Every structure is written in C-alpha cells, then in structure tokens.
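This is what each chain is made of:
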Amino acid sequence: MSVKDRVIAIVAEQAVLEPSDVTMDSTLEDLGIDSLGLVESIFAIEEEFDISIPFNANEPENSEFDISSVATIIAGIEKLVAEAPAA
Amino acid sequence: MKRVVITGAGTINALGHNVSQTLEAMREGHCGIGPLEMRDVERLAVQIGAQVRGFASDVIFNRQQMALYDRFTQFALIAAREALDQSGLEFSGALSAKSGVVMGNSGGGMQTLDENYRTVYEDGKNRVHPFVVPKLMNNAAASHISMEFNLKGPSFTVASACASSNHAMAQAFQMVRSGMAPVMITGGTESMLCFGGVKAWEGLRVMSKDACRPFSATRNGMVQGEGAGVFVFEEMDHAKARGADILAEVIGFAMTSDAADIVMPSRQGASRAIAGALEDAGVNREEVGYINAHGTGTAANDKTECSAVADVFGPHADRLLISSTKSMHGHLIGGTGAVELLACIMALRDGVIAPTIGYEEADPECALDVVPNEAREATIDVALSNAFAFGGLNAVLALRRV
C-alpha cells in the first residue's frame, strides 16, 4: 500500500468510516475526529511508519505538521517518511 | 441531619460478575482464589490470587471505550451500571447538578502502568499510546461513572490503601447526611493483579502462597483480589418519595489514624475507629450483631483486630459474629471495603452471615465467633464493616436493617 492508502486506513479506522469515505479534502472535524482521536491517530501513524511527528496539541496551528486536511497530513507524512533514515 | 439509605448495589469480583452471584457464592462459602493467569507468572513467588475470570470486556465496551478504560475503570463501570439500574435513578436537572461520585482506589491504572513500563523499559520503545495518562489516573473510574450517568456534583477519588473504599463511602455518607447531595454513587475499585502489582506485594513478605485463612492459627498471609463494588447512597426521604427498594440504612462511621507505623496495625487505632462508629451511629454496642472484619489473614492484622473488637465490645464480643470474606474474594486493596459491604447488606437484609472459609485451627489470639467455613443464619439489626489500612488509616462504617 502507498503512504496515502496507509494513512487513510488509519484515519478511517479512527473515524469509524470506510476508507472510501475519507476524501483528500476532508478535515478531521468533517470526519468527527476530536482532540483525543487526533493524538491517537498521530500515535498510530508514528507506529505504522516508525517516524516521529512534530505535533504539539497546545498549538496545532504553529506546529510544523499541518493537520488542516487529509491531504496536508498525507503530504507531511510523505515528507517525514522520505527524510527518515533507512532502516 | 438527613438519614441515608442504600438503594442500589453492584459488583464484579472473583466470586461473581454481579451482586446475586457474589452473595450466592458467599452463602455457599465458595473460594474465588486460584492460580494466577498472567504474563510471566512463572517469575512470581506468589502465584495465586482472586482474579475476575470469564470477563469479556471487549464485548461489553466498544473500541474507543477500551482505549480509555483501564481494567479498574471497567470494573467500576460494570458495578455502577448494576447499582444504578437497581436504584432506578436517572439524573437530570437539580438532581444531576448536586449528585456525584466518590470512589476508593489505591493503585490507579496498574495494568496500564505495567503494560507501558514494559513497552519503554523491556521492549525499548520510545513511544507510548497517547491515552496512558487518562487511563491510569486513579480518578478515571470516578470520572467515567460521572460521565456515563450525568452526575455533575462533587466527584473525586479517595486513596487510603486498604481503607480507600470505606473512606470513600464515609465521604459519600457525610455528603448525603449533611444535605449537600441528595444522592452519591460510591464504593471502590482495584485491579492490581498484574505482574508488577503482585511482584511489589511479594516484596513485603506478607502474601500467602497457598490460601487466605483469616483468624485461623494456620494463617500465613493475605491473597490479593481484584474487582469493584458500587452503591447508591440516597437521602431517605428522597428514596421513600419515589418508592425505592431500600437495601439498608447507613447510620454512622468513624475514621482514625494510628500515627504510629507505616505497616504495623494498632489495636488502639482500630478500637477507636470501631467505638467512634458506634458513637456516631448512636447505637449501643449490644445492638451490633455482625462485623465484616478487615481480616486479611496476616499474623498481625487478625490478632490486632480481634483484640480491638474485644476492647470495644467487652463481654458482647463473645456473642457477636465476625467474619472475613477476604478468604473468598481475596483482598481487593482499595476496592475491598465496597465488596465487603455486600456481606453486611446480606446479613441485615437476608439474615445470612457470610463465613470465614479456610478456617482450620483456633487461634487463642483470635478467640471470637468468626463463623468458620459455613454460612450461618442470624437476625442482625446493626452491622459494622472494618477497614484498617497500611499507613495506619482506619475507617469503620455502621449499617442498620431497614
């Protein structure tokens, strides 16, 4: 699976939706994911890709990681995965 | 002052997943203690405990709930659902705004701590699940009860080791008696039967490797249990006005501190608590027919407790009945007084005294009628429940038959 599909699968599970219901322009709010759901999703993504996501729940708008839509989340993760040292 | 009655009870423990199963097991003198089933059990010196078995929590709770509920919270919610269901109460408006939850608990989310310490120390991972803190905080159970039942008044958790439940129920009793709250949900919960929890207790060298035999000359220590007990404490007029079924009246309590030793119990501290509860309840010592003992099965507790009872009751100590149900459900630590209150309710309501099982040989230092091995029928007007914690913190509750 691509990074995109793997992220969508995690977000869909958190939102209790089918992956096909998660579109690229969906916001987490659209998907019904609250603040606890967000940190749980970030944890699951970090586990899936063995990366560390720079996200602070106190100032999400100032974090280096853009969570404003599914598309920005996927773009951020693709960048982190590309930068990650080879295992 | 208001009068306070119990209008709902719920539990899950090694003897049963509800009150009727638990009381039936107590009547029959069943033992809930058995071989521990947990990871790395072979590394434990103590391999017995009173575990809750056949408990499919993932069927009862959904995935999101499971992510947030440590086992001690799961136990508390199951017991609370049973108690609230029996009471028939629903909370809205002014009743919701004033009613709250006081739970006893000692260790917090020990299963969560254990699992996540393994993750970072044993498995060497540098990341834990984001809900570790809200799962392990020891007010989690009280908070989730408040959320599930819309209780918006005073809610908190009391931690006083093995007396946590009795201190919690005493707080709830005071709040209803003073008129501060019409209804309080109260009791205790504990889930310390995990590798780290048992290992810690092992270190103290007070655990039995074979059985809990309170008051018996052959006793050789305590056995840990797990579970929860939850009760609905309600102002009597409020309960009567809605035609509620009243299980018993809570008539008094006392709390004392030994101010002496961090683990050794004190005869004076215990007797002051027992005498204080009688005074607070305004009953004569001759009215007390049954005491649910703290009765841990350790050498120190049982003889100290018996001498404290003898001090307070004088000649009547030989006529009253005293039993330790820890012989059956184990020591639930912060949840123990709540499960033990069920034995007091059974004595008052059904006239059945739960036995002290595992009793083998009389101990001259515990020369009271400890209802050995078999339940007994007796008409009881007033019952006491003792709890004497490490740290020298004692709490005794008094209940009356309705």
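Note that the structure is predicted; figures quoted are calculated from it, not measured. (Residues numbered from 1 in each chain as written. Chains lettered and ligands numbered in written order. Predicted model: local features only at pLDDT ≥ 70, side-chain atom pairs only at ≥ 80, totals over all residues.)

Visitor: Explanation requested: the overall build of chain B in the structure shown.
Guide: Check the secondary structure of chain B and you find 15 helices and 14 strands. Since a compact globule built from 402 residues should have a radius of gyration of about 21 Å, the 20 Å found for chain B is in line with a globular shape. C-alpha extents for chain B along the principal axes are approximately 65 × 55 × 40 Å. A buried classification covers 59% of the 402 residues belonging to chain B. For chain B, the share of sequence-separated contacts (at least 6 apart) that also reach a separation of at least 24 residues comes to 81%. (Helix = DSSP H or I, 4+ residues; strand = E, 2+ residues; numbered from the N terminus. Rg over C-alpha atoms; globule rule 2.2 N^0.38 Å. Buried ≥ 20, exposed ≤ 12 C-beta atoms within 10 Å, placed from the backbone. Contact = placed C-beta atoms within 7 Å.)

Visitor: Looking at this structure, how should I read helix α4 (residues 71–87) of chain B?
Guide: At 3.6 residues per turn, the α-helix brings residues three or four places apart onto the same side. All names here are of chain B. The end-to-end C-alpha distance of α4, which contains 17 residues, comes to 24 Å, matching closely the 24 Å that a straight helix rising 1.5 Å per residue would cover. Most of α4 is tucked away: 15 of the 17 residues are buried. Glycine 88 sits one or two positions beyond α4 and adopts a positive phi of about 75 degrees. (Expected span 1.5 Å × (residues − 1).)

Visitor: How should the domain arrangement of chain B be read in this particular structure?
Guide: By a widespread convention, an interface's size corresponds to the accessible area lost as its parts come together. Residues and elements named next belong to chain B. Each domain of chain B was delimited in the assignment, giving domain 1 (4–241) and domain 2 (252–400). For domain 1 versus domain 2, the distance between C-alpha centres works out to 21 Å. Listed per partner, the contact involves 62 residues of domain 1 and 56 residues of domain 2. If you list the elements that add at least two residues to the side of domain 1 that touches domain 2, you get β1 (4–13), α1 (19–28), α9 (164–177), β6 (183–190) and β7 (227–235). The element contributing the most residues to the side of domain 1 that touches domain 2 is α9, with seven residues. When grouped by side-chain class, the residues that make up the side of domain 1 that touches domain 2 number 30 nonpolar, 27 polar and five charged. (Domains from an automatic or database assignment. Nonpolar A, V, L, I, M, F, W, Y, C, P; charged D, E, K, R; others polar.)

Visitor: What exactly am I supposed to notice about α9 of chain B here?
Guide: An ideal rise of 1.5 Å per residue puts 20 Å on 14 residues; α9 of chain B measures up with 20 Å between its terminal C-alpha atoms. For α9 of chain B, the buried fraction is high: 13 of the 14 residues fall into the buried class.

Visitor: Looking at this structure, how should I read the packing of helix α12 (residues 267–281) of chain B against helix α13 (residues 299–313) of chain B?
Guide: In a packed pair of helices, the relevant descriptors are the angle between the two axes and the axis-to-axis distance. Residue and element names in this part refer to chain B. The interhelical angle for the contact between α12 and α13, taken along N-to-C directions, is 45 degrees, at an axis separation of 8 Å. It follows that α12 is oblique to α13 by the angle criterion. Crossing geometry of α12 relative to α13 is assigned as right-handed. Note on element contacts: α13 touches α12 through Thr304, Glu305, Ser307, Ala308, Val309, Asp311 and Val312, opposite Arg267, Ala270, Ser271, Ile274 and Ala275. In terms of residue class, the contact of α12 with α13 is made up of six nonpolar, three polar and three charged. (Axes fitted to C-alpha atoms, helices over the stretch in contact; angles between N-to-C directions. Parallel < 35°, antiparallel > 145°, perpendicular 65-115°, else oblique. Left-handed = near helix turned anticlockwise from the far one by under 90°.)

Visitor: Before we go on, may I ask you to explain the sheet that holds strand β4 (residues 100–104) of chain B in this structure?
Guide: Pairing between sheet strands relies on hydrogen bonds along the backbone, with the strands arranged either parallel or antiparallel. All names here are of chain B. Here ten strands make up an open sheet; going across it, the order is β5-β4-β6-β7-β1-β8-β14-β13-β9-β10 and the pairing mixed. Each end of this open sheet is capped by a strand with a single partner; those strands are β5 (155–158) and β10 (321–323). Between one strand and the next, the sheet's axes are offset by a mean angle of 25 degrees, whatever the strand orientation. Direction of pairing for β6 relative to β7: antiparallel, over a ladder of eight bridges. Pairing of isoleucine 185 across the sheet is with valine 232, part of β7. In the packing of α4 onto the sheet, the strands contacted are β1, β4, β6 and β7, and the crossing angle to β1 comes to about 140 degrees. In the packing of α12 onto the sheet, the strands contacted are β8 (248–257), β13 (382–389) and β14 (393–400), and the crossing angle to β8 comes to about 145 degrees. (Pairing = 2+ DSSP bridges.)

Visitor: I'm lost on the interface of chain B and chain A in this one. Help?
Guide: In this complex, chain B contributes five residues to the contact, which on the side of chain A involves five residues. Among the residues making up the side of chain B that touches chain A, the classes are represented as three nonpolar, one polar and one charged.

Visitor: It is not clear to me how the confidence of the model for chain B should be interpreted in this structure. Could you clarify?
Guide: The predicted coordinates ought not to be read in detail in places where the model reports low pLDDT. Taken over all residues, the pLDDT of chain B has a mean of 97, while the share at 70 or more is 100%. When pLDDT is averaged over each helix and strand of chain B, the minimum, 94, is found for helix α3 (residues 63–68) of chain B and the maximum, 99, for β7 of chain B. (pLDDT = per-residue confidence, 0-100.)

Visitor: Just to check I follow, could you spell out the environment of phenylalanine 65 of chain A for this structure?
Guide: Residue and element names in this part refer to chain A. Tracing the backbone through its elements, the reader meets phenylalanine 65 in the loop between α2 (35–49) and α3 (70–83). As for phenylalanine 65 and valine 11, which are separated by 54 residues in sequence, their C-alpha atoms are 16 Å apart. What phenylalanine 65 contacts, discounting residues up to four positions off in sequence, is Ile53, Pro54, Phe55 and Gly76.

Visitor: How should the nonpolar core be read in this particular structure?
Guide: Core analysis: the largest hydrophobic core is formed by 129 residues, its most contacted members being Ala76, Phe233 and Ala277 of chain B. Taken domain by domain, the makeup of this core includes at least three residues from each of domain 1 (4–241) and domain 2 (252–400) of chain B. With sequence-adjacent residues up to four places away left out, alanine 76 of chain B is seen in contact with Met103, Ala141, Ile145, Thr189, Ala228 and Val230 of chain B. Grouped together as the second largest cluster of nonpolar side chains are 14 residues, Ile33, Leu38, Ile74 and Ile77 of chain A included. (Core = buried A, V, L, I, M, F, W, Y, C linked by C-beta atoms within 7 Å.)

Visitor: Would you explain unusual backbone geometry in this entry?
Guide: One can expect most non-glycine residues to show negative phi and most peptide bonds to be in trans. Within the chain, valine 16 of chain A stands out as a residue other than glycine whose phi angle is a positive 55 degrees. Along the chain, the position of valine 16 of chain A falls in the loop between α1 (3–15) and α2. Residues other than glycine seldom take positive phi values, yet isoleucine 333 of chain B does so here, at roughly 55 degrees. On the basis of neighbour counts, which here come to 30 C-beta atoms within 10 Å, the residue isoleucine 333 of chain B falls in the buried class.

Visitor: Would you explain the packing of α9 of chain B against helix α15 (residues 336–350) of chain B in this entry?
Guide: Residue and element names in this part refer to chain B. The interhelical angle for the contact between α9 and α15, taken along N-to-C directions, is 75 degrees, at an axis separation of 6 Å. When the axes of α9 and α15 are compared, the pair comes out roughly perpendicular. Here Ser165, Asn166 and Met169 of α9 come into contact with α15, specifically with Thr336, Gly337 and Ala338. Per-class residue counts for the contact of α9 with α15 are two nonpolar, four polar and no charged.

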